[in-house]
Amino acid sequence: MSALWSVGAGLLLLLLWVRHRGLEAVLVHHRWVFVCLFLLPLSILFDIYYQLRAWAVWRLHSAPRQHAQRVRHIQQQVREWKKEGSKRYMCTGRPGWLTVSLRVGKYKKTHKNIMINLMDVLEVDSERQVVRVEPLVSMGQLTAYLNPMGWTIPVVPELDDLTVGGLIMGTGIESSSHIYGLFQHTCVAYELVLADGSLVRCSPTENSDLFYAVPWSCGTLGFLVAAEIKMIPAKKYVKIHYKPVRGLQKICEKFTEESKKKENSFVEGLLYSLDEAVIMTGVLTDEAEQSKINRIGNYYKPWFFKHVEKYLKDDRTGVEYIPSRHYYHRHTRSIFWELQDIIPFGNNPVFRYLFGWMVPPKISLLKLTQGEAIRKLYEQHHVVQDMLVPMKSLEKSIQTFHVDLNVYPIWLCPFILPNNPGMVHPKGNETELYVDIGAYGEPKSKQFEARASMRQMEKFVRSVHGFQMLYADCYMTREEFWDMFDGSLYHKLREQMNCKDAFPEVYDKICKAARH
């Protein structure tokens, strides 16, 4: 009985405190209360469900058999939409809050929702070194499936919950992208259900225009139902070299130099201020010095970006061996460094040892429970942006980020951009080295104002022939958007495949100026 009284008294005090501070203020500045008490346990239940489901599918070998049936169901839904008179645009029926993007698309309420329940690994072809998967397969699911077989994929974007479909229809990047390019460049074929209900396969040699137009199209050319992705042999460890560098010019020079070295399996930079960074290079290996193995993915370990920062503070270089899967998902536990704004004490050793196994909360649950007031406050006082710019413009780009945003750490990830057809390619006729500059957090710039500051950033990125990742808030006009992206092939296919009545234009789907 006394225990119930204690719980009741505690809840009463919590409610009084919330009333005193104001619910909006508590949810924004003390969101950790809600996250720790509710979202972390719910996230664990989500993970358990999906792991049990994946295990059952694997044991029963049901994925390939059910795939064809599920695709036919999607085709049937599209044909029913046509019979109804094609009165509304179509979109996937997956709720907007389930996506990793921080944007919640309101179009889900007005468009015809096509249910696509495709979340399984279909086939591993060791001879061709290709894995065939459904679009809702996540990166965490895929690496857990392939690694025990001795395989991995060349580009494993950081967060566990990123899906194959999102990484193809949007984009994806990893510290191996200076060799392999973006996620789309590791794909060898796509299968889509088109606006007329037909099923087509496309590759560089089969329906090639469609193959090159699909990436970055955000589901506005058809419904992705399967993808074939290259595989490479997996190794046990990644041997990481940490090197602190000071001075912006030296940082840019060193980062560019390492990014051009093909012997580096991985290249990554974390910029902690305008003139302080740690540049990391890694190589895959099966051998490791036991005393230098760091299982950074274990729940009680420091968050990776905090671990890296120690090399900067101590002004020392270092070498470690990180198990490969731990390395691929090294930023997952702290959602890069976003979690420090939600759970400020999350990297405290006591919290890590007691509750670290529950971290991170699902991004989808954070979105579902944020409410309109918090969303607007985050929009005005928080930035989550990835800008892709030519490596030759790196120094100028970092200075622009510093003036307009002043958000640190900043993530630097190099990638090679081939001159393929499609929405994103270099300005010239040759492959070019680019870099992803990722800014996530609360801007410290005194003149920061979300719309004006981001429009200024977008203008700069266009001026250097860069690109903005489309998962984030985009403030460009239609003319500015198509100045940044090459829409020639995209618009040609939209016309040829009668997409204009079936799907919204990509600009109307993702840009704030166009969304209702």
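As annotated in an unreviewed UniProt entry, the chain is Delta(24)-sterol reductase from Pteruthius melanotis. According to its UniProt record, the chain has this under Pathway (unreviewed entry): "Steroid biosynthesis; cholesterol biosynthesis." Under the heading Cofactor (unreviewed entry), UniProt records this for the chain: "FAD".

A.B. asks: Outline the overall build of the chain, listing residues and values.
C.D. replies: Counting its regular elements, the chain contains 20 helices and 17 strands. Contacts in the chain between residues at least 24 apart in sequence constitute 74% of all its contacts with a sequence separation of at least 6. Carbon and sulfur atoms make up 55% of the accessible area of the chain, which totals about 23,400 Å².

A.B. asks: Quick one: what's the story with the nonpolar core, residue by residue and with numbers?
C.D. replies: Membership of the largest hydrophobic core comes to 145 residues, with the highest contact counts inside it found for Tyr190, Leu192, Leu210, Phe481 and Phe485. Ranked by residues supplied to this core, first place goes to strand E15 (residues 410–417) with seven residues. Residues from two domains meet in this core; each of domain 1 (64–233) and domain 2 (237–333) gives at least three.

A.B. asks: Lay out the packing of helix H9 (residues 248–259) against helix H16 (residues 394–404) in plain terms, naming residues and giving numbers.
C.D. replies: The description of two helices packed together rests on the angle between their axes and the distance between the axes. Axis separation between H9 and H16 bottoms out at 9 Å; the angle between their running directions is 130°. Comparing the axis directions of H9 and H16 gives the class oblique. In this structure, H9 meets H16 at a crossing whose hand is right-handed. Residue-level contacts link Leu248, Gln249, Cys252 and Phe255 of H9 to Leu394, Glu395, Ile398 and Gln399 of H16. Its residues assigned to classes, the contact of H9 with H16 comprises five nonpolar, two polar and one charged.

A.B. asks: How would you summarise the sheet that holds strand E4 (residues 130–133) if you had to cite specific residues and measurements?
C.D. replies: Read from one edge of the open sheet, five strands run E3-E4-E8-E6-E7, paired in antiparallel fashion. Each edge of the sheet is formed by a strand with only one pairing partner; in this case those strands are strand E3 (121–125) and strand E7 (199–202). The mean angle between the axes of side-by-side strands here comes to 15°, regardless of whether they run parallel or antiparallel. Summarising the sheet, strand E6 (residues 187–193) and E7 pair through four bridges and their orientation is antiparallel. Bridging from a neighbouring strand, Val193 pairs with Leu199 of E7. Across the sheet, helix H5 (residues 139–146) is in contact with E3 and E4; its angle to E3 comes to roughly 40°.

A.B. asks: Could you give an account of the sheet that holds strand E17 (residues 467–468), naming the residues involved and the relevant values?
C.D. replies: Spatial ordering of the open sheet is given by E13-E10-E12-E11-E15-E16-E14-E17, a layout of eight strands whose pairing is antiparallel. Unpaired on one side and paired on the other, strand E13 (318–323) and E17 mark the two borders of the sheet. Two elements, E15 and strand E16 (residues 432–441), share eight bridges in a ladder whose sense is antiparallel. If you follow Pro414 over to E16, its bridge partner there is Val435. Its contacts with the sheet put H16 on strand E11 (266–273), strand E14 (383–390), E15 and E16, and the angle it makes with E16 is roughly 15°.

A.B. asks: Explain the packing of H16 against helix H17 (residues 450–463) to me, using residue names and the numbers behind them.
C.D. replies: H17 packs onto H16 with a crossing angle of 170° between their chain directions and a minimal axis gap of 10 Å. Taken together, the axes of H16 and H17 are roughly antiparallel relative to one another. Between H16 and H17, the contacting residues are Lys396, Ser397, Thr400, Phe401 and Asp404 on the first element and Ser453, Gln456, Met457 and Phe460 on the second.

A.B. asks: Account for the state of the cysteines, naming residues and giving values.
C.D. replies: When the sulfur atoms of two cysteines share a covalent bond, that bond is a disulfide. Scanning the entire structure with this criterion turns up zero disulfides. With no disulfide of its own, Cys511 lies 3.2 Å from the sulfur of Cys474, the closest cysteine sulfur.

A.B. asks: Can you lay out the UniProt feature "transmembrane region" (unreviewed entry) in the chain for me, pointing to particular residues and giving the numbers?
C.D. replies: In the numbering used here, UniProt assigns the feature "transmembrane region" (unreviewed entry) to residues 32–50. The span residues 32–50 is 100% helix and 0% strand, and its two end C-alpha atoms sit 25 Å from each other.

About the criteria used
Along each chain, numbering runs from 1 in the same order as the chain's sequence is written. In keeping with the predicted nature of the model, local features appear solely for residues at pLDDT of at least 70, side-chain atom pairs appear and are counted solely at 80 or more, and the whole-chain, interface and lining totals rest on all residues. Side-chain numbers here rest on the full set of heavy atoms in the structure, without hydrogens or water. UniProt positions are given in the numbering used here, feature names are shortened, and annotations may be inferred rather than shown by experiment. Only DSSP runs of H or I reaching four residues or more are called helices, and only runs of E reaching two or more are called strands; each is numbered from the N terminus. Throughout, a residue-residue contact means that at least one pair of heavy atoms, one from each residue, lies within 4.5 Å. Using the Shrake-Rupley algorithm and a 1.4 Å probe, accessible areas are obtained, with residue cover drawn only from the displayed protein chains. Among buried residues, those of type Ala, Val, Leu, Ile, Met, Phe, Trp, Tyr and Cys that are joined through side-chain atoms within 4.5 Å constitute a nonpolar core. For each residue, the accessible area found with a 1.4 Å probe, counting protein chains only, is set against the maximum for its type, and the residue is called buried under 20%, exposed over 50%, and partly exposed in between. Each domain span listed reflects an automatic or database assignment of domains. Lines are fitted to the C-alpha atoms to define the axes, a helix being fitted only along its stretch in contact, and any angle between axes, read from their N-to-C directions, falls within 0 to 180 degrees. Orientation categories follow fixed angle ranges, with anything under 35 degrees roughly parallel, anything over 145 roughly antiparallel, 65 to 115 roughly perpendicular, and all other angles oblique. Here is the rule for handedness: rotate from the far helix to the near one, and if that takes an anticlockwise turn smaller than a right angle the crossing is left-handed, while a clockwise turn gives right-handed. Throughout, the ten residues Ala, Val, Leu, Ile, Met, Phe, Trp, Tyr, Cys and Pro are labelled nonpolar, Asp, Glu, Lys and Arg are labelled charged, and all others, Gly among them, are labelled polar. Only strands that DSSP links by at least two bridges are regarded as paired with each other. We call a pair of cysteine sulfur atoms a disulfide whenever their separation is within 2.5 Å.

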